[in-house]
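A look at the structure
Each chain is listed here by its residues.
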Amino acid sequence: MVGASISLIGCKTLNNSKLNKEIDQQISSRTTNNYFQGILIYDPVKKDTVYSHNSQKYFTPASNTKIITLYTSLKTLPEKIPSLKYIVKNDTLYMEGTGDPTLLHPYFGDSTAIKFAMNYKNVSLYLNNFEESRYGPGWAWEDYDLYFSPERNGFPLYGNVVTITNNDSLVVSPTHFKNQVVPISYGVNRELYSNTFYYDPQRRDTLESPFMIDSTLTKSLLEEALLKKVNVVQKMPNDEKQILYSVASDSLYKRMMEVSDNFLAEQLLILSSSTLSDTLNSAKARNYILDNYLQELEQPPRWVDGSGLSRYNLFTPGTMVYVLNKMYQEIPRERLFNFFPVGGLTGTLKGRFNGDDRPYIYAKTGSLGNNYCLSGYLITRSGKTLIFSFMNNHFTKSNSEVKQHMESIFEMIRDNY
């Protein structure tokens, strides 16, 4: 079925020629002829293409990349997130990270691993299983101090972000950094090569800024959380490793998709790699999915990170629809749609694409400078579910204008198919 659906992608059917003609007119209008658009709308019941325009061309997907990260996670991760791999010898707990991003995270606040490690007299931590750069290829270097661009690592704590608030007095989490906050207004939130943060309590309520990570800092943060010394070791014992599990995996997927959380997306690929080997490297997860589940793709993507922060990523609308269709066929509808922002109601779609009387768009946004993409599921007034990917690259107008143009096309399809 899936292979058959791909064979239809790119060929426009004529069973609704009037609708196709109206969409064509909007796509070729004077307001859209100076940037690149690609659209594929697919009917999974009829296994037929409703509309196609540049659907086999490559686009910068931005955070639409998280759709593929979601699919990877669903294929590789269990119902609960693997939090640690560990071995107990005598009175010593030897542990290594899996990339689990929820440990002491500001949103999840999970302390499963902390509570577990507190039960042991001696704790030894192995950190050399992470074989990845701290930033993804093609990430913008000047984003280093912004909340949406934390470093990647194998044993994240606190979401790898410092949170600073002013509540009569300065509140810093983790408290480890309290003496490294300078209360002045400055051009950046953090120094480029050190964990020195700038926060003006007179000008802002809350600051979230990534901190720089090394083994010494990870050791210190863990010791402060455990209230005991931690020994960093150069290798794990040769015994069989056990796995400690933390939060429900679906809770990560929903959070990643709903607010387009880059850190969760990156760490989910690292987590996926932890299920494939003892080496933490997101390329292992990407290659595994492409080789084992997406080998039929007619336009294999250039896929370099989990979040879509990189402009090196290249996907076609056809590829996006292919993956969305696979999830639609394999995952119960209620569970699947719960992962996605809802038009007009939640997450990154809260202020746009709202239905008149009920939601009709469940989709993932993707936004970088001069690029806006949206891919997901559209519910027509007649009750049909369509799968779509609408990509816009290289425009100089505002995002709002592009979204308004997309919305008029979506409403036309909703009302006439």
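For the structure itself, consult the block above.
All values reported here derive from a predicted model rather than from experimental measurement. (Residues numbered from 1 in each chain as written. Predicted model: local features only at pLDDT ≥ 70, side-chain atom pairs only at ≥ 80, totals over all residues. Heavy atoms only, no water.)

1. Let's talk about the overall build of the chain
Helix and strand counts for the chain stand at 11 helices and 15 strands. With the C-alpha coordinates of the chain rotated into their principal frame, the extents come out at 70 × 55 × 35 Å. A total of 417 residues make up the chain; the buried ones form 56% of that total. (Helix = DSSP H or I, 4+ residues; strand = E, 2+ residues; numbered from the N terminus. Buried < 20%, exposed > 50% of the residue type's maximum accessible area, 1.4 Å probe, protein only.)

2. Some remarks on helix α3 (residues 65-76)
Residues spaced three or four apart along an α-helix face the same direction, because each turn holds 3.6 residues. For α3, which comprises 12 residues, the first-to-last C-alpha distance of 17 Å matches the rise-based estimate of 16 Å (1.5 Å per residue) to within 8%. Counting buried residues along α3, 10 of its 12 residues qualify, which places the element largely inside the surrounding structure. Taken together, the buried positions of α3 are occupied by T65, K66, I67, I68, T69, L70, Y71, T72, S73 and T76. (Expected span 1.5 Å × (residues − 1).)

3. Observations concerning the packing of aromatic side chains
Two numbers describe a pair of aromatic rings. These are the distance of the centres and the angle of the planes. The tally for this structure, following the rule as stated, stands at 21 aromatic pairs. An angle of 80° between the planes, with centres 5.8 Å apart, marks the rings of Y253 and F339 as edge-to-face. Of this pair, Y253 sits in helix α6 (residues 249-259) while F339 is found in helix α10 (residues 333-339), placing the two residues 86 residues apart along the sequence. With relative accessibility at 1%, the residue Y253 sits in the buried group. Judged by relative accessible area, which is 1%, F339 ranks as buried. If you follow R152 out to its NZ or CZ, it ends over the ring of W139, 5.5 Å from the centre. Residue placement shows R255 over the ring face of Y107; its charged tip is 3.8 Å from the ring centre. (Phe/Tyr/Trp six-rings, centres within 6.5 Å; stacked < 30°, edge-to-face > 60°. Lys NZ or Arg CZ within 6 Å of the ring centre and 35° of its normal.)

4. Section: the nonpolar core
If you look at the biggest cluster of nonpolar residues, it comprises 46 residues, and the most contacted ones within it are I67, M327, L336, F340 and Y377. Sorting elements by how many residues they give to this core places helix α9 (residues 317-330) first, with 7 residues. Sequence-distant contacts of F340, defined by excluding residues within four places in its chain, comprise I67, L70, M257, L324, M327, T346, Y362, A363, K364, S375 and Y377. Counting residues in hydrophobic clusters, the runner-up holds 34 residues, among them Y86, L127, A225 and V230. (Core = buried A, V, L, I, M, F, W, Y, C linked by side-chain atoms within 4.5 Å. Contact = heavy atoms within 4.5 Å.)

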